[in-house]
Amino acid sequence: MDFGPYLMLATLEGAVTAAVLALTASGLALVFGVMRVVNVAHGEFFMLGAVLAWWVTDLMGATPVLGFAIALVVVPLMVAALAAFADMTILKRINYDPERTIVATIGILYILQQVTLMTYGPDARPVTAPFSTRLALPWFERTEDGISLYWPWGLSITSYKLAVIGAAGGVLLGLWAVMKRSRLGLMMRATEQDREMALAFGIPVERVYALVFGMGAGLAALAAVLVVPIQQAHYLMGGDPLLLSFIVVIIGGLGSLPGTVLAALLIGLSDGIISVFFSPTLAKILATLLVAMVLVFRPQGMFGERRL
């Protein structure tokens, strides 16, 4: 097979990674942008979404399609409610102090991880995809009659992976619409700009904080539900999403949703292509080097604003 078909397949695989990463990192960027809170437990909310998705689909038994559909709606809401509860009972009580919130979210991380280990166990468990038709991908070749399409052997992708890309794109567009076109988004942006002024205008800042923290965790859980039919659910799966989300948020700009999405595309596509042609380790090394360069030459990120 020529180089071109391999590159197209690697790009599509990278696009799946980028879609899931964009959802996860957007939740982290939303929390930091509005609340100025570094949520170290973000990866564990991702893990919890995957584990709960397995639990819901396993509970449904013989109807995996219905079980997955229920998990896609219910699990992000459950994780969002848990995160909002953690915000109101823990982060609110320490007044969102930057240093203490880091310690508090580390504590939440270990609590979620160990409770999952005790109840779910150490095994990795698969979730059946609701549909998984393998689609052959065409490529083109030059012939005497011009350019014609052909289907190289082995060049294919599943319909579910394409659906993950489309679903993530739709959710991100919906998030943008909420932030820019709704009254809720206006309150979030007002709280982000000036907390004291927002309080003076009657905005319930503490409720906004709880909602934002829940939304951030819910986005991570939704990403996990989408990806768990491709990967397997296990109690240690929150580490990589957390690390990659921090990389994406730093590159895109702390608190910048457009920058986060573009950085997720950059990291996800490069990870897919480099992993196919070289190694996954090299992809992680290059991503880390890119973060170092951003921190040295543009600390506010690609789309972040320098704060005086």
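Conventions we followed
- Residues numbered from 1 in each chain as written.
- Predicted model: local features only at pLDDT ≥ 70, side-chain atom pairs only at ≥ 80, totals over all residues.
- Heavy atoms only, no water.
- Patch = residues over 30% accessible without salt bridge, like charges linked within 9 Å, V, L, I, M, F, W, Y side chains within 5 Å.
- Areas by Shrake-Rupley, 256 points an atom, 1.4 Å probe, with all protein chains shown as cover.
- Salt bridge = Lys/Arg side-chain N within 4 Å of Asp/Glu carboxyl O.
- Buried < 20%, exposed > 50% of the residue type's maximum accessible area, 1.4 Å probe, protein only.
- Core = buried A, V, L, I, M, F, W, Y, C linked by side-chain atoms within 4.5 Å.
- Helix = DSSP H or I, 4+ residues; strand = E, 2+ residues; numbered from the N terminus.
- Contact = heavy atoms within 4.5 Å.
- Phe/Tyr/Trp six-rings, centres within 6.5 Å; stacked < 30°, edge-to-face > 60°.
- Lys NZ or Arg CZ within 6 Å of the ring centre and 35° of its normal.
- 1 Å grid on protein atoms, 1.4 Å probe; cavity = no way out; pocket = protein on both sides within 12 Å on 5 of 7 lines; lining within 4 Å.
- Points joined across faces, edges and corners; volume = space filled by probe spheres on them.
- Nonpolar A, V, L, I, M, F, W, Y, C, P; charged D, E, K, R; others polar.
- Axes fitted to C-alpha atoms, helices over the stretch in contact; angles between N-to-C directions.
- Left-handed = near helix turned anticlockwise from the far one by under 90°.

## Description of a nonpolar patch on the surface
Here's step 1: A contiguous nonpolar patch, built from Leu66, Ile70, Leu72, Val73, Val74, Leu77 and Met78 and spanning about 550 Å² of accessible area, is present on the exposed surface.
Here's step 2: In this structure methionine 78 comes out as partly exposed when scored by relative accessible area, which is 35%.

## Side note on the nonpolar core
Here's step 1: Ranked by size, the top nonpolar core spans 81 residues in total, and within it Val34, Met35, Phe45, Phe46, Val79, Val212 and Ile267 carry the most contacts.
Here's step 2: Top contributing element to this core by residue count: helix α8 (residues 205-227), with 14 residues.
Here's step 3: Those residues in contact with valine 212, other than ones at most four positions away along the chain, are Leu30, Val31, Val34, Met35 and Met188.

## Brief notes about the packing of aromatic side chains
Here's step 1: Considering all chains together, one arrives at 5 aromatic pairs under this definition.
Here's step 2: Note on tyrosine 96 and tyrosine 209: the rings are 4.8 Å apart at their centroids and 80 degrees apart in plane angle, and the pair reads as edge-to-face. Taken together, the residues span a long stretch of sequence, with tyrosine 96 in the loop between α3 (64-91) and α4 (98-120) and tyrosine 209 in helix α8 at a distance of 113 residues. Both residues of the pair, tyrosine 96 and tyrosine 209, belong to the buried class.
Here's step 3: Ring pairing ties together the aromatic residues Phe68, Phe131 and Tyr160, which thus form one cluster.
Here's step 4: In this structure, arginine 125 packs its charged tip against the face of tryptophan 54, placed 4.7 Å from the ring centre.
Here's step 5: Sitting above the plane of the tyrosine 120 ring, arginine 125 keeps its charged end 4.5 Å from the centroid.

## Remarks on the layout of surface pockets
Here's step 1: A volume near 560 Å³ is recorded for the second largest pocket.
Here's step 2: Lining of the second largest pocket is provided by 25 residues; of these, Thr17, Val227, Gln231, Leu244 and Asp271 occupy positions nearest its centre.
Here's step 3: Where the lining of the second largest pocket is concerned, the elements lending two or more residues are α1 (3-35), α9 (239-252) and α10 (257-277).
Here's step 4: Among the elements that line the lining of the second largest pocket, the one with the most residues is α1, at 7 residues.
Here's step 5: Considered class by class, the residues forming the lining of the second largest pocket number 11 nonpolar, 9 polar and 5 charged.

## Focus on the pattern of salt bridges
Here's step 1: Applying the stated criterion across every chain yields a total of 4 salt bridges.
Here's step 2: One salt bridge in this structure joins glutamate 196 and arginine 195, with 3.6 Å as the shortest N-O distance.

## Here's the deal with the packing of α1 against α10
Here's step 1: Taken N-terminus to C-terminus, the directions of α1 and α10 make an angle of 145 degrees; their axes are 6 Å apart at the nearest point. α1 and α10 meet at a crossing whose hand is right-handed.
Here's step 2: In the contact of α1 with α10, the residues fall into 20 nonpolar, 7 polar and 1 charged.

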